[in-house]
Amino acid sequence: MIWQPGEPRSLSRTQREDWNTRIARSTEMAKKFHPGWERALKRYTDIKFDKDRYEVNSLLDFRHVETKRAQLFYQTPEVQLVPIDPDHPDVPFDQVLPLRQKVLNHRLGTSGTNVKREIHATLFDAIATSGFMILKIGYESRVVTVTMQQPDLLGGDPQKVQVPVPVWERCFISRISPKRLLLPTEFHGGDFDSAAWLGIRGRMPLAEAKQQPGWTIPEAFEGVTVKDEVSFDHGMETDRETDPMLEYTEIWYHASLFDPEVVHPDLLRCLVLVDGVNTPVKHVDSPFQSLDEMGRLTDDSMIGSPIHIGTLRDLSDSAYVPSDLAVGEQLVNELNKFRTQQVRGRSRRQPMVVFDTNNLDQATIGKLENNQGPVGLPAGSLAAGVDKLMAVIGTGSEPRDNYTAQDYIERDWERALGVGANQIGSYNKSKRTATEARIVQTNADARYESERDRVREWYVGSVRKFDAVLQRVMSPLELIKILGQQGAALWNEWRTMPGRYVYSILPDSGVHTDAMQHRQQVLDEYNLL
C-alpha cells in the first residue's frame, strides 16, 4: 500500500463534489436536533426576570446536571499501563512502565492538557444538551526554517541545509461543541470509530487559519463575515464578525472505503475543506499512523479517529441519543408551569382592603394604598367603628392539589433519571427506615456505576489515542524536564521497541473521597503492609 504519515493526497473534482453532498446531507440531519438542544440549554441558563409577567424556573435541570456531572467524573483518575506481552525479552517493562505512566499522567494533569476541564465541559453536553461527549485529540506546532551547517562525510566543506525547527508545539485534548459534529446519514450505532467518516465544522480568523501547518489557502481568499452557526449563542443576537473569518469542515475518513489502493481498514486520512475554496486546503494520510514492512499498523499508531465520541446510553438504530434534560423536558415544563401558576395565583389571592372614599381624605387613602403607617383616621372613627370606613375581603386559600401535582412531577423525574433527594445531598421530606434508605442508595449507586463505567471506557479510549500522539511527537527537551537525563534517554531507547498496552484507571482514583475516608484508607493500607 502507498502510505506515508502526513503525505498529501490528491482529490479529484468528482470526489470533492461527493464530499460536498455528504457534508450537506449530514448538516441537514444534524439541524433537526438543534432546536431540542437549544431548548434544554435555555432551561438550564434562563435567568430572565419580568416583573409584569412573572415566570418561575424550578432549577430542576440545573441541580440535576451539576450533581450528575460531579458524580460521573469527580477528578482526573490516575492511568495505569499493563503490557499485553509482559514477557517480551526486548522490552525492560519494569524500567519503562513507571516512566511511561509518569509522563502520561503529567501531560493529562493541570500542567499539561488539563483534561479534567475538557471532560467536565463535554459531560455537560452529554447530560444537558446533545447526549454526546466529543473530544478532539491531536498535535499542532509552529515551525520556522533555520539554516544550519551540515558536515560533509567525505571531508569536504560543510554544506548549508534548511532545517524546520518547531518553536511552539502542544499535544491537546479539546472539547468539541455538539453543534459542530457531522455524522454520516447512513451511520446507525454507538461505535463511532467504526463509522465511515467523522467530521467537525469550525470557524477561525483568517489570519490564524493561514498559520495552520499543512493548510494551503489561496492568497486571494478574503474570508467571510457571516453569523456563527456552529456554536450555541444562548439567545444573544450577535452582529456579523468585523474580522474576516474562515469556515471549514474537517473530516477523518477510513481510506480503504474511498481509495481502492488502500487495504488496511483502520488507516485514516484527514480532509479539510473551506467554504469558498474549490480545492482542499489539506488532504493527507493520518500523521498518527504508520505501517511496518508487513503492512500492519505499528505499535505507536493511533487506533480510531482523533474525533473521539461517546454517549451515556444507546438508542436502537440511531447515532443521536437524547440527553437527560431532553428526556425530562415535559416534566420540567409542567413543574415550572405549576410553580408559575402558584406564584401568580398567590398574588391574586392577597387580601383586599376596601374603604369609604367619602369619609377619608386623599392623604389617608394614599397611606392605605401604600400600606404605610401609622395612618391617621378622622376624629371619632375608632369610637364609631373602623369597619364603617374600611374592610378586609379574603380571596380564598391555595388549593392543595397544586402541591400534590408538584410532588407527582418531582417523583416522576426521580424515577426516570434515578436522582432523588438523597443522591443530590438533600434531606427527604418523609421519614425512612435505615433499611429502605440503604436499598434505595444501593440501586441508585448501581445505576450511576453503570453510567460511570461508560465514562471510564470512553475516557480510557481518549487516553489511548492521546498516548499514541505523545509517543510520536514528544521532544527530548520535554522528556528531560519531566524524567531527567537518564529517564529521557531510556524513553528514547524504548520508543523504537515493540509492545502494546492495556490502559486502565487506578481503582477509585476518580471517585470523591473525603478526609475521613482518606485517613481510613491510609490506615488500612498501613496495617495491611
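Everything below is about the structure shown above.
Residues numbered from 1 in each chain as written. Predicted model: local features only at pLDDT ≥ 70, side-chain atom pairs only at ≥ 80, totals over all residues. Heavy atoms only, no water.

Chemist: Please explain the overall build of the protein chain as it appears in this structure.
Modeler: Within the protein chain one finds 14 helices and 12 strands. The 529 residues of the protein chain split such that 40% are buried. Considering only contacts within the protein chain whose residues lie at least 6 apart along the sequence, 72% involve residues at least 24 apart. For the protein chain, the exposed area adds up to about 30500 Å²; of that, 51% sits on carbon and sulfur atoms. (Helix = DSSP H or I, 4+ residues; strand = E, 2+ residues; numbered from the N terminus. Buried < 20%, exposed > 50% of the residue type's maximum accessible area, 1.4 Å probe, protein only. Contact = heavy atoms within 4.5 Å. Areas by Shrake-Rupley, 256 points an atom, 1.4 Å probe, with all protein chains shown as cover.)

Chemist: In this structure, what is going on with helix H9 (residues 362–369)? I would like to understand it.
Modeler: Each turn of an α-helix holds 3.6 residues, which means side chains three or four residues apart point in the same direction. If you check which residues of H9 are buried, you get Thr364, Ile365 and Gly366. Of the surrounding secondary structure, the elements contacted by the buried residues of H9 are strand S10 (352–355). Positive backbone phi, approximately 55°, marks Asn371, located one or two places after H9.

Chemist: Looking at this model, I keep getting lost on the sheet that holds strand S8 (residues 282–285). Mind explaining?
Modeler: Reading across the sheet, the 5 strands line up as S4-S5-S6-S7-S8 and stay open at both edges, with antiparallel pairing between neighbours. Each edge of the sheet is formed by a strand with only one pairing partner; in this case those strands are strand S4 (181–182) and S8. Here S4 runs beside strand S5 (residues 197–205); their pairing, made up of 2 bridges, is antiparallel. Directly across from Leu181, in S5, lies its bridge partner Ile200. Seen against the sheet, helix H1 (residues 13–31) touches S4, S5, strand S6 (245–254) and strand S7 (268–274) and runs at an angle of roughly 80° to S7. (Pairing = 2+ DSSP bridges. Axes fitted to C-alpha atoms, helices over the stretch in contact; angles between N-to-C directions.)

Chemist: Looking at this structure, I do not really get the sheet that holds strand S2 (residues 132–150). What am I missing?
Modeler: Note on sheets: strands pair through backbone hydrogen bonds, and any given pair is parallel or antiparallel. One open sheet accounts for 3 strands, arranged S3-S2-S9; its pairing is antiparallel. One side of each edge strand has no neighbouring strand; the edge strands of this open sheet are strand S3 (159–175) and strand S9 (307–311). Adjacent strand axes in the sheet meet at a mean angle of 15° when their direction is disregarded. Against the sheet, helix H5 (residues 115–129) contacts S2 and S3, and its axis sits at roughly 145° relative to S2.

Chemist: Teacher, can you tell me more about the pattern of salt bridges here?
Modeler: Close approach of charged atoms lets side chains of opposite charge pair. On inspection of all chains with the given rule, the structure shows 28 salt bridges. One salt bridge in this structure joins Lys68 and Glu451, with 2.7 Å as the shortest N-O distance. Remark: Glu451 occurs in helix H12 (residues 434–473) and Lys68 occurs in helix H3 (residues 60–72); sequence separation between them is 383 residues. Grouping residues by exposure puts Lys68 and Glu451 together as buried. The partner of Arg269 in a salt bridge is Asp259, with the nearest N and O atoms 2.9 Å apart. Within this pair, whereas Arg269 is found in strand S7, its partner Asp259 is found in the loop between S6 and S7, the two being separated by 10 residues in sequence. Note on accessibility: Arg269 and Asp259 belong to one class, buried. (Salt bridge = Lys/Arg side-chain N within 4 Å of Asp/Glu carboxyl O.)

Chemist: When you look at the environment of Ala255 in this model, what are you seeing that I'm missing?
Modeler: Counting through the fold element by element, Ala255 comes out in the loop between S6 and S7. Ala255 sits in the buried class, given a relative accessible area of 0%. Leave out the neighbours within four places in its chain, and Ala255 touches Trp3, Val262, Leu267, Leu268 and Arg269.

Chemist: Help me out: how do you make sense of the packing of aromatic side chains in this one?
Modeler: Here a ring pair, both rings aromatic, is described through the centre-centre distance and the interplanar angle of the planes. Within this structure, the stated rule accounts for 13 aromatic pairs. Between Tyr44 and Phe62, the ring centres sit 5.2 Å apart and the planes meet at 35°, which makes this aromatic pair tilted. Remark: Phe62 occurs in helix H3 and Tyr44 occurs in helix H2 (residues 34–45); sequence separation between them is 18 residues. Ring plane angle 85° and centroid distance 5.2 Å describe the contact between Tyr253 and Phe258, whose orientation is recorded as edge-to-face. For Tyr253, a relative accessible area of 3% corresponds to the buried category. For Phe258, a relative accessible area of 25% translates into the label partly exposed. Within the aromatic cluster, the residues linked to one another by ring pairs are Phe33, Phe132, Phe187, Phe192 and Tyr320. (Phe/Tyr/Trp six-rings, centres within 6.5 Å; stacked < 30°, edge-to-face > 60°.)

Chemist: Looking at this structure, how should I read H1?
Modeler: Compared with the 27 Å implied by 1.5 Å per residue over 19 residues, the 27 Å span of H1 between its first and last C-alpha is a close match. Those residues of H1 lying buried are Arg16, Trp19, Ile23, Ser26, Thr27, Met29 and Ala30. Looking down the long axis of H1, one finds its buried residues gathered within 160° of arc, a one-sided arrangement. Residues Arg13 and Thr14 are exposed on H1 and point more than 90 degrees away from its buried face. Along its buried surface, H1 packs onto H2, S4, S5, S6 and S7. (Expected span 1.5 Å × (residues − 1). Arc of directions from axis to C-beta.)

Chemist: Help me understand the packing of H2 against H5 in this model?
Modeler: Two packed helices can be described by the angle between their axes and the distance between those axes. With their axes 9 Å apart at the nearest point, H2 and H5 run at an angle of 100° to one another. As far as their axial angle goes, H5 and H2 are roughly perpendicular. Between H2, through Trp37, Ala40, Leu41 and Tyr44, and H5, the contact on the second element is made entirely by Phe124, Ala128 and Thr129. Here the contact of H2 with H5 is built from residues that sort into 6 nonpolar, 1 polar and no charged. (Parallel < 35°, antiparallel > 145°, perpendicular 65-115°, else oblique. Nonpolar A, V, L, I, M, F, W, Y, C, P; charged D, E, K, R; others polar.)

Chemist: What should I look at first to understand the environment of Ile23 in this one?
Modeler: Locating Ile23 in the fold gives a position in helix H1. Placed 162 residues apart in sequence, Ile23 and Thr185 show a C-alpha to C-alpha distance of 9.4 Å.

Chemist: Looking at this structure, I do not really get a nonpolar patch on the surface. What am I missing?
Modeler: A cluster of nonpolar side chains, Val144, Val146, Met148, Val167 and Trp168, forms an exposed patch at the surface whose accessible area comes to about 430 Å². For the nonpolar patch, the secondary structure elements donating two or more residues are S2 and S3. (Patch = residues over 30% accessible without salt bridge, like charges linked within 9 Å, V, L, I, M, F, W, Y side chains within 5 Å.)

Chemist: Sorry, what's going on with the side chain of Glu118 here?
Modeler: With respect to the secondary-structure elements, Glu118 resides in helix H5. Ignoring anything within four residues of it in the chain, the contact list for Glu118 reads Leu135, Ile173, Ser174 and Arg175.

In short, shape yes, function no, at least from these values alone.
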